[in-house]
Amino acid sequence: IMRPDDANIAGNVHGGTILKMIEEAGAIISTRHCNSQAGEPCVAALARVERTDFLSPMCIGEVANVSAEITYTSRHSVEVQVNVMSENILTGAKKLTNKATLWYVPLSLKNVNKVLEVPPIQYTRKEQEDEGKKRYEEQKLDRLETKQRNGDVIFPIINPEPHTVGYSQSSLIHLVGPSDCTLLGFVHGGVTMKLMDEVAGIVAPRHCKTNIVTASVDAINFHEKIKKGCVITISGRMTFTSNKSMEIEVFVDADPFVDEPRERYRAVSAFFTYVSLSKEGKHLPVPQLLTETEDEKRRFEEGKGRYLQTKAKRQAQMQQA
Amino acid sequence: IMRPDDANIAGNVHGGTILKMIEEAGAIISTRHCNSQAGEPCVAALARVERTDFLSPMCIGEVANVSAEITYTSRHSVEVQVNVMSENILTGAKKLTNKATLWYVPLSLKNVNKVLEVPPIQYTRKEQEDEGKKRYEEQKLDRLETKQRNGDVIFPIINPEPHTVGYSQSSLIHLVGPSDCTLLGFVHGGVTMKLMDEVAGIVAPRHCKTNIVTASVDAINFHEKIKKGCVITISGRMTFTSNKSMEIEVFVDADPFVDEPRERYRAVSAFFTYVSLSKEGKHLPVPQLLTETEDEKRRFEEGKGRYLQTKAKRQAQMQQA
Amino acid sequence: IMRPDDANIAGNVHGGTILKMIEEAGAIISTRHCNSQAGEPCVAALARVERTDFLSPMCIGEVANVSAEITYTSRHSVEVQVNVMSENILTGAKKLTNKATLWYVPLSLKNVNKVLEVPPIQYTRKEQEDEGKKRYEEQKLDRLETKQRNGDVIFPIINPEPHTVGYSQSSLIHLVGPSDCTLLGFVHGGVTMKLMDEVAGIVAPRHCKTNIVTASVDAINFHEKIKKGCVITISGRMTFTSNKSMEIEVFVDADPFVDEPRERYRAVSAFFTYVSLSKEGKHLPVPQLLTETEDEKRRFEEGKGRYLQTKAKRQAQMQQA
């Protein structure tokens, strides 16, 4: 099932481009797996991406080596682990750029609302299956939780002060065309993530006025499919700053205004974290976010919670290693 | 109805790219408006773009803020005003890049040849409605006029002399693919305008041998839809030069050679004006166009007429201000 | 039938981009020709590209002038000759970049497996028809031959030594989307060739560690159509090195894992030759390929045969001229 050495020339490699490549690799391997037994043909749709860190930036002209492996299957979902290595083809140097875990669900090609069964994979050790099952239960819980979270809307602020939330918030509108979509006529998860990174990549430098790179992306849940012909609004606002990082919340709202009598709905939301780098690659200090409303203060505290939790986890991992 | 702050990272921003962004914003807002009442679902198709000036060039890395507003509705058409501001996200500086007025017509999603009715908008002042009606009547007249204009064809010239019309004329062929098209299977107006700017952007430096930027685009009428699978030929020839500007006429001819027993037809034509800039952003002199045939001389005089008329209008506006 | 002066702004012009432009021009002219008589509508599908040399590299900002002409028709196929000239629009300098010969077959738009008849063209001299017929018979023979060649698969090598075949071999996976396809729902030949050049363009610098350009592409036969929704794996491995050139074999395997009960199959294979250039445009020496297995040694000898044959042909042509 391993597909090592799938290379793709990487242009100016934004975090969003890497997420798109990861998602494409995951979609291919899981669609192939779900069609590996006789039965109804299906396409694997992205349901969730686990938190992922960007370990080292990728430069123009480097080659991205993407490898994907199926690590767990439940009755209706597939867990895929994707690793991206960047390779300088002139020097031959390779670096791990990022590791991501994605969950896919097979949807019938004939009836897009029908979720099919996934052929089980073989585990070499019993613990592999148990650990996979644990990850499966955890993500299921988290998916439920975010589904209940209420959807905010971002309103434009007139003449905002520098370093306030309103000052850097941004949004982008995109009309979903055929090249954004899968065989089922729904937007590829990777296309959505790329647009989300694009918006967050405008919010961050608006705030800090220096060059930025994507440092990590929190778990993203894809609750609702987005159909061809929809207009999607991708909005980003800063929620938290530490001394060296900025957390940006990004929403995707879909507006199926043609051909369907349905309200605008929240399709995806996620947290992106950016750091600012000098030309020499050193971390630059980030101006503190000025919070004004109660909601902004609450979101800042929640962001701080996520920041401290991640920091603690990372320190624990370093001590283990 | 206002959608301020819709941002889109602008790469190397040609005039054509900005026209495409403007058209996308206009298509979204007018399609949404025309579907806002229960009734047959529809897609708004671009019928006309009013003359637009490019007030300041946009640079790589700047963010384009596009805002669109519906300013008038007739029974079967929608007038949309789109403003583009360029924003340097590092310094925060903003400049008005361009203002455009577009006319859309709602076509039924079920029967593409059926024009639907437009829900009327509310005006805050009676004069708004009257001025809108006046603009509506004017553009209707102009549309009729250009429809009757006979379609020239551009033939290649062997060994043309420098600075003649034949020397700089150019054409480009494009096969209309699915990503160029709307839900109805017709080419987006914005895609067509981008290709037109691309051809004119080859004609101009062929003549003047220096760097050029789009200064303005005359009113463009979209008389005929272009279907997926057509081959379109976009041809450009220089019609007039002043000391500092070049006017280029661009035609779009569609050739539905597959699946339809129909002749090649002229779908769109328009005049693009370019100026030449030095590295310091100063206007450079433009070599005079050498006209040879009677037709070329006539078109030069017509171009001179448009040039003088625009100049007079601009001076009148400056005195008003 | 000549379409001179079809210009297209050329970005960073890889060999693959030029091949894609050539194929698009060929597809347009042959589809138009095959639909020129009343009868079933059809789309011309690429069957074969003859060997083509890249005579001079094309630079960013130059304009590509593509002209296409139908030079022979058999009962079911069309031979098209495409010339590409690069033009520096600021200086006006033009250079022949490449000449290519392509063979197309008209497929019915209603039934994609039905090959239609081609309207015959008129020849100005009898020899033209005879020479065309000779070329037709030769390519038919070569197509049959390559069809019988057995398809290798490339396996990843763990920790390969520098300059071995395993060290530079590369592969790329691509999910076929709607924008890659013709009206018939099959991948454009030009899209496939562009991806092939991309993979070979990774293999070559992995071996030589210097900048490279496409020097020539051997005849490419398109035996099998690739359908929308397939995953294609494009794999490249070095087969031969001379002092100054590298030959790379590229395979395209299609995997129709959705919607069709079919095995992965070899759709295309071809040989690409690259040279390495210094910044001043001088040929750089290429490290010798280290062959290890019997198969690698055999392929090296076969590559040497092709290299010597091409060299001899070129010398014969130079003496003729």
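The rules we used
Residues numbered from 1 in each chain as written. Chains lettered and ligands numbered in written order. Predicted model: local features only at pLDDT ≥ 70, side-chain atom pairs only at ≥ 80, totals over all residues. Heavy atoms only, no water. UniProt positions renumbered as here; feature names shortened; annotations may be inferred. Helix = DSSP H or I, 4+ residues; strand = E, 2+ residues; numbered from the N terminus. Rg over C-alpha atoms; globule rule 2.2 N^0.38 Å. Buried < 20%, exposed > 50% of the residue type's maximum accessible area, 1.4 Å probe, protein only. Contact = heavy atoms within 4.5 Å. Areas by Shrake-Rupley, 256 points an atom, 1.4 Å probe, with all protein chains shown as cover. Lys, Arg positive; Asp, Glu negative; His and termini not counted. Charge placed at Lys NZ, Arg CZ, Asp CG, Glu CD. pLDDT = per-residue confidence, 0-100. Pairing = 2+ DSSP bridges. Domains from an automatic or database assignment. Buried area = accessible area lost by both parts, 1.4 Å probe. Axes fitted to C-alpha atoms, helices over the stretch in contact; angles between N-to-C directions. Parallel < 35°, antiparallel > 145°, perpendicular 65-115°, else oblique. Expected span 1.5 Å × (residues − 1). Phe/Tyr/Trp six-rings, centres within 6.5 Å; stacked < 30°, edge-to-face > 60°. Lys NZ or Arg CZ within 6 Å of the ring centre and 35° of its normal. Salt bridge = Lys/Arg side-chain N within 4 Å of Asp/Glu carboxyl O. Disulfide = S-S within 2.5 Å.

Chain A is annotated in an unreviewed UniProt entry as palmitoyl-CoA hydrolase of Manacus vitellinus. Among the UniProt annotations of chain A, the heading Subcellular location (unreviewed entry) holds the following wording: "Cytoplasm".

## Description of the overall build of chain A
Tallying secondary structure elements over chain A gives 5 helices and 12 strands in all. Computed over the C-alpha atoms, the radius of gyration of chain A is 20 Å, within 12% of the 20 Å expected from 2.2 N^0.38 for a compact globule of 321 residues. Referenced to the eigenvectors of the C-alpha coordinate spread, the extents of chain A come out at roughly 60 × 55 × 35 Å. When each of the 321 residues of chain A is scored for burial, the buried share is 53%. Within chain A, counting contacts between residues at least 6 apart in sequence, those at least 24 apart form 73% of the total. For chain A, the exposed area adds up to about 15,300 Å²; of that, 51% sits on carbon and sulfur atoms. Here chain A contributes 41 positive and 41 negative side-chain charges, whose respective centroids are spaced 2 Å apart.

## Some thoughts on the confidence of the model for chain A
Summing up the model confidence of chain A, the mean pLDDT is 85 and the portion of residues at 70 or higher is 91%. Of the two predicted TM-score estimates for the complex, the pTM is 0.79 and the ipTM is 0.70.

## Describing the pairing of strand β10 (residues 231-241) of chain C
Two faces belong to every sheet, and in a regular strand the side chains alternate between them. All names here are of chain C. Burial of β10 is extensive: 11 of the 11 residues sit out of reach of the surface. Direction of pairing for strand β7 (residues 170-175) relative to β10: antiparallel, over a ladder of 6 bridges. Residue L172 lies in a different strand from β10, and its bridge partner there is I234. Count of turn residues in the β10/strand β11 (residues 245-255) antiparallel hairpin: 3 residues.

## Considerations on the domain arrangement of chain A
All names here are of chain A. When the domains of chain A are assigned, the result is domain 1 (4-145) and domain 2 (165-320). Centre-to-centre, using C-alpha coordinates, domain 1 lies 20 Å away from domain 2. Each partner contributes to the interface: domain 1 provides 24 residues, whereas domain 2 provides 24 residues. Summed over both partners, the interface of domain 1 with domain 2 buries about 2,100 Å², with 62% contributed by carbon and sulfur atoms. For domain 1, the biggest contributors to the area lost against domain 2 are L19, K20 and R51; these three give 25% of the whole.

## As for the packing of helix α1 (residues 15-34) of chain B against helix α4 (residues 189-208) of chain B
Residue and element names in this part refer to chain B. Viewed as axis vectors pointing N to C, α1 and α4 meet at an angle of 170 degrees, and their least axial separation amounts to 8 Å. Classified by the angle their axes make, α1 and α4 are roughly antiparallel. From α1, G15, G16, T17, L19, K20 and E23 reach across to α4, where they touch G189, G190, V191, M193, K194 and D197.

## Let's talk about the UniProt feature "active site" (unreviewed entry) in chain A
Residues and elements named next belong to chain A. UniProt's entry tags N8 and D197 with the feature "active site" (unreviewed entry), counted in the numbering of this structure. By the element assignment, D197 lies in helix α4 (residues 189-208). Among all residues touching D197, those that are not within four sequence positions of it are H14, G15, G16, T214, F272 and Y274.

## Details of helix α4 (residues 189-208) of chain C
Residues and elements named next belong to chain C. Taking 1.5 Å per residue as the helical rise, α4 with its 20 residues ought to reach 28 Å, and the 29 Å between its terminal C-alpha atoms agrees with that figure. Summarising burial for α4: 18 of the 20 residues are buried, a large majority. One or two residues past the end of α4 sits K209, with phi positive at roughly 60 degrees.

## Points about the packing of aromatic side chains
Within the structure shown, the criterion is met by 18 aromatic pairs over all chains. Centroid distance F240 of chain A to Y307 of chain A: 5.4 Å. Interplanar angle 45 degrees. Geometry classified as tilted. Of this pair, F240 of chain A sits in strand β10 (residues 231-241) while Y307 of chain A sits in helix α5 (residues 294-320); the two residues are 67 residues apart in sequence, bridging distant segments of the chain. Among the residues examined, F240 of chain A registers a relative accessible area of 5% and is labelled buried. The interplanar angle of 35 degrees and the centroid separation of 6.2 Å between the aromatic rings of Y72 of chain B and Y123 of chain B together place this pair among those described as tilted. Highlighted residues: Y72 of chain B in strand β4 (residues 63-73) and Y123 of chain B in the loop between β6 (94-108) and α2 (126-148), separated in sequence by 51 residues. For Y72 of chain B, a relative accessible area of 7% translates into the label buried. Between the NZ or CZ atom of R266 of chain A and the centre of the ring of F251 of chain A, over which it lies, the distance is 4.1 Å.

## A look at unusual backbone geometry
The backbone of H163 of chain A sits at a positive phi, close to 70 degrees, despite the residue not being glycine. In this fold, H163 of chain A is placed in the loop between α2 (126-148) and α3 (165-168). Even without being glycine, K209 of chain B reaches a positive phi, approximately 60 degrees. With respect to the helices and strands, K209 of chain B occurs in the loop between α4 and β8 (212-217). The class of K209 of chain B is partly exposed, set by a relative accessible area of 26%.

## Looking at the pattern of salt bridges
Taken as a whole, this structure holds 48 salt bridges over all chains when the rule is applied. Of the charged contacts, one joins R51 of chain B and D53 of chain B as a salt bridge, the two residues approaching to 3.1 Å between their closest N and O atoms. Of the residues examined, D53 of chain B reaches a relative accessible area of 28% and is grouped as partly exposed. D295 of chain C serves as the salt-bridge partner of R298 of chain C, at 3.4 Å between the closest nitrogen and oxygen. Highlighted residues: R298 of chain C and D295 of chain C, both in helix α5 (residues 294-320), separated by 3 residues, approximately one helical turn. Classification of R298 of chain C as partly exposed rests on a relative accessible area of 38%. The class for D295 of chain C is partly exposed, based on a relative accessible area of 39%. Residues participating in the shared-partner salt-bridge network are R48, E50 and D142 of chain A.

## Some thoughts on the environment of P285 of chain B
Residues and elements named next belong to chain B. Tracing the backbone through its elements, the reader meets P285 in the loop between β12 (265-276) and α5 (294-320). Classification of P285 by relative accessible area gives exposed; the value is 65%. Between the C-alpha atom of P285 and that of S242, which follows or precedes it by 43 residues, the distance is 8.9 Å.

## Regarding the state of the cysteines
In the structure shown here, the tally under the stated rule is 0 disulfides over all chains. A disulfide-free cysteine, C42 of chain B has its sulfur positioned 4.9 Å from the sulfur of C34 of chain B, the nearest such atom.

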